[in-house]
Amino acid sequence: MKIKALLNKATLAAMAAPLFFGTVLSQTVKAEEIWPRSLYSQQHNWVSVSVDGPGTYTIEARTFMNAGDVDIELYDGYREVLIDEANTGGTDRITFTTNRAGTYQLKYKMFACINPFGPCAVAIDLSQW
């Protein structure tokens, strides 16, 4: 009898897990896409990134149609303290946690741009989980 009750609880937990993990944990609270100024190779620029409150945020930077390689650095609101940086090929990603609302400064740099018609477009996505 105890084995059957334990088996029923395990089956119920296995059925509920995908619902929990698929809806609760993967929900994006906030998502915003920013299209800052396009850059040529070896140029950089800054963009402000505002967060609404406490939470974990992810910033992703990429070039349009993978025409280049953009690297990112996240600073405090005064551009003085480096919080994190990402400089990998393809999409660069920074995840950080804050306990308050605020504005950060994101420095984005075009390591390489492969566009014979001009600068490479940059897209920056901000998501809160």
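Everything here concerns the structure above.
One structure accompanies this document, and this report is about it. (Residues numbered from 1 in each chain as written. Predicted model: local features only at pLDDT ≥ 70, side-chain atom pairs only at ≥ 80, totals over all residues. Heavy atoms only, no water.)

Regarding the overall build of the chain
Moving on, step 1. Across its full length, the chain carries 1 helix and 8 strands.
Moving on, step 2. Per-residue burial over the chain gives 36% buried out of 129 residues.
Moving on, step 3. In the chain, the share of contacts with a sequence separation of at least 24, taken over all contacts with a separation of at least 6, comes to 76%. (Helix = DSSP H or I, 4+ residues; strand = E, 2+ residues; numbered from the N terminus. Buried < 20%, exposed > 50% of the residue type's maximum accessible area, 1.4 Å probe, protein only. Contact = heavy atoms within 4.5 Å.)

Focus on the nonpolar core
Moving on, step 1. Counting residues in each nonpolar core, the largest one holds 24 residues, and the members touching the most others are Ile59, Ile72, Phe96, Leu106, Tyr108 and Ile124.
Moving on, step 2. Secondary-structure elements contributing two or more residues to this core are strand 2 (44-51), strand 3 (55-63), strand 4 (68-75), strand 6 (92-98), strand 7 (102-113) and strand 8 (122-128).
Moving on, step 3. Counting residues per element, this core draws most heavily on strand 7, at 5 residues. (Core = buried A, V, L, I, M, F, W, Y, C linked by side-chain atoms within 4.5 Å.)

Description of the side chain of Asp76
Moving on, step 1. Looking at the element boundaries, Asp76 is found in the loop between strand 4 and strand 5 (82-86).
Moving on, step 2. Despite its burial, Asp76 pairs with no opposite charge; the closest candidate is Arg100, at 7.8 Å N-O.
Moving on, step 3. Here Glu80 takes part through its backbone nitrogen, which lies 2.9 Å from a polar atom of the side chain of Asp76.
Moving on, step 4. Not counting chain neighbours up to four residues away, the residues in contact with Asp76 comprise Val81, Ile83, Thr103, Tyr104 and Gln105. (Lys, Arg positive; Asp, Glu negative; His and termini not counted. Salt bridge = Lys/Arg side-chain N within 4 Å of Asp/Glu carboxyl O. Polar contact = N/O pair within 3.5 Å; in protein donor to acceptor, adjacent residues only side chain to side chain.)

Let's talk about the side chain of Asp125
Moving on, step 1. With respect to the helices and strands, Asp125 occurs in strand 8.
Moving on, step 2. For Asp125, a relative accessible area of 18% puts it in the buried group.
Moving on, step 3. In this structure the side chain of Asp125 is engaged in a polar contact, spanning 2.5 Å, whose partner is the side chain of Arg62.

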